[in-house]
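Coordinate analysis (summary)
What follows is the residue order along each chain.
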Amino acid sequence: MGLQEEIDQKITEIKSDSYSMSIGELVNLYKDKEIEIHPEFQRFFRWTNLQKTKLIESILLGIPIPPIFVAQRTDGIWDVVDGVQRLSTIFQFIGILIDEDGKLLEPLVLEKTKYLPSLQGKKWDDSESYQNSLTSAQRLFIKRAKLDIKILFKESDEKTKYELFQRLNTGGSTLSDQEIRNCILVMENRNVYRWLRELAKNEDFKECVSLTDRSLEEQYDMELVFRFIVLRKIDEEELKKFEDLSEFLNDKAIEICRSSDFDFEEASQAFKYTFQILNREVKANSFRKYDIYKGKFTGGFLIPAFEVIALGIGYHHEKLHSMEDLDISSKIQELWKNETLIKGFAGFNASYRMRRTVVLGRQFFQE
């Protein structure tokens, strides 16, 4: 198939349109719950008050705002694919933004900007201070301002929405791979996202991985939880096929969200047992290198060690759970004498490395 044929085929899989809508119309859609901006996204998209103020400033000055991308669901509701933070800022300023717990957020108070220093302390409508409020004319101007809306219709290929989300929210964005994945999970199945988030709060898990504040901010704890869930029982033939880990995990996220037979209870039990036994015996040393010459654990968290140890224990959790004389600490120290583990650490990409580490973990903890 040539380039033009490929283009023609893909074009037929994407049904879209675009038109302008006033902010007032978008406000009504939000109030009527006909547009979904996913309040959970507020923990991923981190705008400062000044960034939010600059958006309002741009609207007041008539500076063009980037288009809002939405995907039309089968129930007719618009899923915001790109533009969540812009719409959230507008709705928060107007005083109608709801958080993920269903609570009304405090209205946005603006800061001064280079071009409009008098925005300092301004609110949409301050009933206690006329001086701190926008005038009725200014509020009407904002309501009548138009935003370009790009609509991806429900007839489009089912993966198009998520591919579009990834393309629009990477590159210049500060979102990590897992933050992008979390957004996909929220759009696809909120309950699965919340289930994973609860697992990430498990105290045994948190103690064992002992992540930095930066890693936690970028949702790396959620990534580790999701890797455990996806890779623990993955077929070894499937493990050999994927090349890009992030793309593979994104596909798995959608697959689990749509699955009717995924055993969430069994996965939860495997996760909790794995980190319970690790925290009981090795705690924060669980995924650090054991120096066989110095006789102690050294360094920080190592993802290959996580792949061998956590996934290996998780794979055999039912058998290990019944072993009364199991000494995980000694087992892990013994593991670090294995040349396969040591050589599997450096110089390989994630997909190639995991073909070694995941299989090694299953073999080692089977003994």
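Along every chain, residues carry numbers that run from 1 in the direction the sequence is written. Since the coordinates come from a predicted model, pLDDT governs what is reported: local features require at least 70, and pairs of side-chain atoms require 80 or more to be given and counted, while whole-chain, interface and lining totals use all residues. To obtain the side-chain values, all non-hydrogen atoms of the structure were included, while hydrogens and water were left out.

Notes on the pairing of strand S4 (residues 78-82)
Our working definition: Under the scheme applied here, a residue whose accessible area is under 20% of the maximum for its type counts as buried, over 50% as exposed, and between as partly exposed, the area being computed with a 1.4 Å probe on protein chains only. Strands here are runs of E lasting at least two residues and helices are runs of H or I lasting at least four, both read from the DSSP assignment and numbered beginning at the N terminus. Note on pairing: two strands pair once DSSP finds at least 2 bridges between them.
Judged by how many residues are buried, S4 sits mostly within the fold: 5 of 5 residues are covered. Bridge count between strand S2 (residues 35-36) and S4: 2 bridges; the pairing is parallel. Within S4, the residue paired with Glu36 across the bridge is Asp79. Bridge count for strand S3 (residues 68-72) against S4 is 4 bridges, and the pairing is antiparallel. The residue of S4 that forms the bridge with Phe69 is Asp82. Hairpin connection from S3 to S4: 5 residues lie between these consecutive antiparallel strands, with Gly76 at a positive phi of about 90°.

Quick look at the environment of Ile37
Of note, Ile37 is situated in the loop between S2 and helix H3 (49-61). Measuring from C-alpha to C-alpha, the distance between Ile37 and Leu87 comes to 7.7 Å, with 50 residues separating the pair along the chain.

With respect to the nonpolar core
Defined as follows: For this analysis, a nonpolar core means a set of buried residues of the types Ala, Val, Leu, Ile, Met, Phe, Trp, Tyr and Cys, connected via side-chain atoms within 4.5 Å. Residue contacts are defined here by distance: any two heavy atoms, one from each residue, within 4.5 Å place the two residues in contact.
Counting residues in each nonpolar core, the largest one holds 60 residues, and the members touching the most others are Phe275, Leu278, Phe287 and Ile309. Sequence-distant contacts of Phe287, defined by excluding residues within four places in its chain, comprise Cys208, Val209, Phe275, Leu278, Gly300, Phe301, Leu302, Ala305, Phe306, Ile309 and Ala310. Core analysis: the second largest hydrophobic core is formed by 34 residues, Met21, Val80, Val84 and Ile90 among them.

Let's talk about the packing of aromatic side chains
Rules: Stacked, tilted and edge-to-face pairs are distinguished by plane angle, under 30 degrees for stacked and over 60 for edge-to-face with tilted covering the rest, among Phe, Tyr and Trp rings (Trp via its six-membered ring) whose centres lie within 6.5 Å.
Scanning the model with the defined rule gives 20 aromatic pairs in all. Pairing Phe205 with Phe271 gives two aromatic rings, centres 5.4 Å apart and planes at 45°, and the pair type is tilted. Here the residue Phe205 occupies a position in helix H9 (residues 203-209), and Phe271 occupies one in helix H14 (residues 264-281), the gap between them amounting to 66 residues. Side by side, Phe205 and Phe271 carry an identical accessibility label, which is buried. On the basis of an interplanar angle of 85° and a centroid distance of 5.4 Å, the ring pair of Phe228 and Phe271 is categorised as edge-to-face. Of this pair, Phe228 sits in helix H11 (residues 220-231) while Phe271 sits in helix H14; the two residues are 43 residues apart in sequence, bridging distant segments of the chain.

A short note on the packing of helix H15 (residues 303-315) against helix H19 (residues 350-364)
To be explicit about the condition: To obtain an axis, a line is fitted to C-alpha atoms, over the contacting stretch when the element is a helix, and the angle between two such axes runs from 0 to 180 degrees between their N-to-C directions. Throughout, the term roughly parallel applies to angles under 35 degrees, roughly antiparallel to angles over 145, roughly perpendicular to angles from 65 to 115, and oblique to all others. Each helix crossing is assigned a hand: it is left-handed if the near helix lies turned anticlockwise from the far helix by less than a right angle, otherwise right-handed if that turn is clockwise.
At a closest axis distance of 7 Å, the pairing of H15 and H19 adopts a crossing angle of 40°. The orientation of H15 with respect to H19, classified from their angle, is oblique. Of the two elements, H15 crosses H19, and the hand of that crossing is right-handed. Across from Ile303, Pro304, Glu307, Val308, Leu311, Gly312 and Tyr315 in H15, the residues of H19 making contact are Arg353, Met354, Thr357, Val358, Leu360, Gly361 and Arg362.

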